Amino acid sequence: MVVNLKIRGIPTVIARLNNVSKEVKQAVNVALQEFGPLVKEEVEASIDGLRAESRSVATGAFLESIQFQIVNNAVKIFSEVPYAKYLEYGTTRMPEGRRHFLNSFGRIRPELNKTIKELIHQAVK
């Protein structure tokens, strides 16, 4: 016995899924555009001693060097001063890193995740 099953509307479903994919990518990009500056500000507040981490300002060069970019659906927060990694991760003389970047992202992450989920839900409605 052979049962033939014909599903109608496959091209319509595929077209809708492609549109949803584009809408989801756009929603994520909107969230990243919104949160990039917020994460940057959180890192700067951490460096300036306004959060739990120790203050890391001597000349102000590190504080003023914080930048953000959106790259491949991700927010990149960074500093190009050569000693930034030592402040973040520590050294033999400073065994405990100050974790300005990591801790700041941890504080922002729940709100970012919530916003991304809301924007994705709106996109797929």
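For the structure itself, consult the block above.
Residues numbered from 1 in each chain as written. Predicted model: local features only at pLDDT ≥ 70, side-chain atom pairs only at ≥ 80, totals over all residues. Heavy atoms only, no water.

Here we take up the packing of helix 1 (residues 10–47) against helix 4 (residues 100–124). Two elements in contact, helix 1 and helix 4, have axes whose closest approach is 8 Å; the angle formed by their N-to-C orientations is 155 degrees. By the angle between their directions, the pair helix 1 and helix 4 is classed as roughly antiparallel. The crossing of helix 1 and helix 4 is right-handed. By residue class, the composition of the contact of helix 1 with helix 4 is 19 nonpolar, four polar and six charged. (Axes fitted to C-alpha atoms, helices over the stretch in contact; angles between N-to-C directions. Helix = DSSP H or I, 4+ residues; strand = E, 2+ residues; numbered from the N terminus. Parallel < 35°, antiparallel > 145°, perpendicular 65-115°, else oblique. Left-handed = near helix turned anticlockwise from the far one by under 90°. Nonpolar A, V, L, I, M, F, W, Y, C, P; charged D, E, K, R; others polar.)

Right, let's get into the packing of aromatic side chains. Summed over all chains, the structure comprises two aromatic pairs. Among the aromatic residues, ring-to-ring pairing joins Phe 62, Tyr 83 and Phe 101 into one connected group. Stacked on the ring of Phe 78, the Lys or Arg Lys 76 has its end atom at 5.0 Å from the ring centre. (Phe/Tyr/Trp six-rings, centres within 6.5 Å; stacked < 30°, edge-to-face > 60°. Lys NZ or Arg CZ within 6 Å of the ring centre and 35° of its normal.)

Okay, the nonpolar core next. In terms of nonpolar packing, the biggest core is built from 18 residues, with Val 43, Phe 62, Ile 66, Ile 77, Phe 101 and Leu 112 touching the most fellow members. Those elements that place two or more of their residues in this core are helix 1, helix 3 (84–89) and helix 4. Of the residues forming this core, the biggest block, seven residues, is contributed by helix 1. Once residues lying within four places of it in the same chain are set aside, the contact partners of Phe 101 are Val 43, Phe 62, Ile 66, Ile 77, Phe 78, Ser 79 and Glu 88. (Core = buried A, V, L, I, M, F, W, Y, C linked by side-chain atoms within 4.5 Å. Buried < 20%, exposed > 50% of the residue type's maximum accessible area, 1.4 Å probe, protein only. Contact = heavy atoms within 4.5 Å.)

Two side chains of opposite charge can pair, provided their charged atoms sit close to one another. One pass over the full model with this rule turns up five salt bridges. In this structure, the salt-bridge partner of Lys 40 is Glu 44, at a minimum N-O distance of 2.7 Å. Placement of both Lys 40 and Glu 44 in helix 1 is noted, with a separation of four residues, approximately one turn of the helix. A salt bridge links Glu 42 to Arg 107; the nearest nitrogen and oxygen atoms lie 2.6 Å apart. In this pair, Glu 42 sits in helix 1 while Arg 107 sits in helix 4, placing the two residues 65 residues apart along the sequence. We classify Arg 107 as partly exposed; its relative accessible area is 34%. Sharing partners across several salt bridges, the network here consists of Glu 42, Arg 51, Glu 53 and Arg 107. (Salt bridge = Lys/Arg side-chain N within 4 Å of Asp/Glu carboxyl O.)

What follows deals with helix 1. Every α-helical turn comprises 3.6 residues, leaving residues that sit three or four positions apart pointing alike. Helix length check: helix 1 (38 residues) gives 54 Å between terminal C-alpha atoms against 56 Å at 1.5 Å per residue, within 8%. The largest bend in helix 1 amounts to roughly 30 degrees and is located at Phe 35, with the proline Pro 37 lying one to four residues further along. The positive-phi residue at the C-terminal boundary of helix 1 is Gly 49, with phi of around 85 degrees. (Expected span 1.5 Å × (residues − 1). Bend = angle between axes of the 7 residues up to and from the residue.)

Shape descriptors only; they carry no functional weight alone.
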